[in-house]
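A structural walkthrough
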Amino acid sequence: GPLDTLVFPRAYQTSQVIMALVHAAPEEILPEDISGLLQDIQNDQGILAQSAGLLAIRMIGKNDDALYNRISQQQLPNGSWDNNPFFTAYASMALRGYL
């Protein structure tokens, strides 16, 4: 069935799960979940993956200065990221560290 198929991890989706668990079941967030997320971010250099990943990491009380700097440096002169309001919202939340 569909639940028997292999699902490849993606940084954005993993970030969403971690952010949901922060309030619902923080004890379910394992160190390997965070290390897996960081690896997924390295595989997906898109601003959405990076921003969602940093936001999730910061929501559990950790930080990644290199990722923070990478996101900051991608901001365009007009204040946006990729001229995309959705990406800009995520990048802004990630840099602030909260939703």
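Residues numbered from 1 in each chain as written. Predicted model: local features only at pLDDT ≥ 70, side-chain atom pairs only at ≥ 80, totals over all residues. Heavy atoms only, no water.

Brief notes about the nonpolar core
Looking at soluble globular proteins, one finds that nonpolar side chains tend to be buried together. Leu37, Leu55, Ile71 and Tyr90 are the most contacted members of the largest nonpolar core, which totals 25 residues. Within the residue set of this core, elements represented by two or more residues are helix H1 (11-24), helix H2 (31-43), helix H3 (47-59), helix H4 (65-73) and helix H5 (85-96). Examining the composition of this core, we find that nine residues originate from one element, H3, more than from any other. The contacts of isoleucine 71, once residues within four sequence positions are left out, are Ile47, Gln50, Ser51, Leu54, Trp81, Ala91 and Leu95. (Core = buried A, V, L, I, M, F, W, Y, C linked by side-chain atoms within 4.5 Å. Buried < 20%, exposed > 50% of the residue type's maximum accessible area, 1.4 Å probe, protein only. Helix = DSSP H or I, 4+ residues; strand = E, 2+ residues; numbered from the N terminus. Contact = heavy atoms within 4.5 Å.)

Details of unusual backbone geometry
Its identity is not glycine, yet aspartate 82 carries a phi of approximately 55°, on the positive side. Tracing the backbone shows aspartate 82 in the loop between H4 and H5.

With respect to H5
The terminal C-alpha atoms of H5, which comprises twelve residues, lie 16 Å apart, in line with the 16 Å expected from a rise of 1.5 Å per residue. For H5, the full list of buried residues reads Thr88, Tyr90, Ala91, Met93, Ala94 and Leu95. Where H5 is buried, its residues meet H1, H3 and H4. With a side-chain oxygen lying 2.8 Å from the backbone nitrogen of phenylalanine 86, the N-terminal cap of H5 falls on asparagine 84. Within two residues after H5, glycine 97 carries a phi angle of roughly 95°, on the positive side. (Expected span 1.5 Å × (residues − 1). Polar contact = N/O pair within 3.5 Å; in protein donor to acceptor, adjacent residues only side chain to side chain.)

What about the side chain of serine 80?
Relative to the helices and strands, serine 80 is located in the loop between H4 and H5. Classification of serine 80 as buried rests on a relative accessible area of 10%. A distance of 2.8 Å separates the side chain of serine 80 from the side chain of asparagine 78, its partner in a polar contact. Other than its neighbours up to four places away in sequence, serine 80 contacts Gln74, Gln75 and Thr88.

What to know about the environment of asparagine 43
Structurally, the position occupied by asparagine 43 is in helix H2. Accessibility expressed as a relative area gives 62% for asparagine 43, which makes it exposed. Spatially, the C-alpha atoms of asparagine 43 and arginine 10 are 8.8 Å apart, while their sequence positions differ by 33 residues.

So, the packing of H3 against H4
Packing of H3 against H4 leaves a shortest axis separation of 10 Å and a crossing angle of 140°. Overall, the two elements H3 and H4 adopt an arrangement that is oblique. Crossing of H3 against H4: the hand is left-handed. Only Leu67, Tyr68, Arg70 and Ile71 of H4 make contact with H3, whose side of the interface consists of Ile47, Gln50, Ser51, Leu54 and Arg58. Residue composition of the contact of H3 with H4, by class: five nonpolar, two polar and two charged. (Axes fitted to C-alpha atoms, helices over the stretch in contact; angles between N-to-C directions. Parallel < 35°, antiparallel > 145°, perpendicular 65-115°, else oblique. Left-handed = near helix turned anticlockwise from the far one by under 90°. Nonpolar A, V, L, I, M, F, W, Y, C, P; charged D, E, K, R; others polar.)

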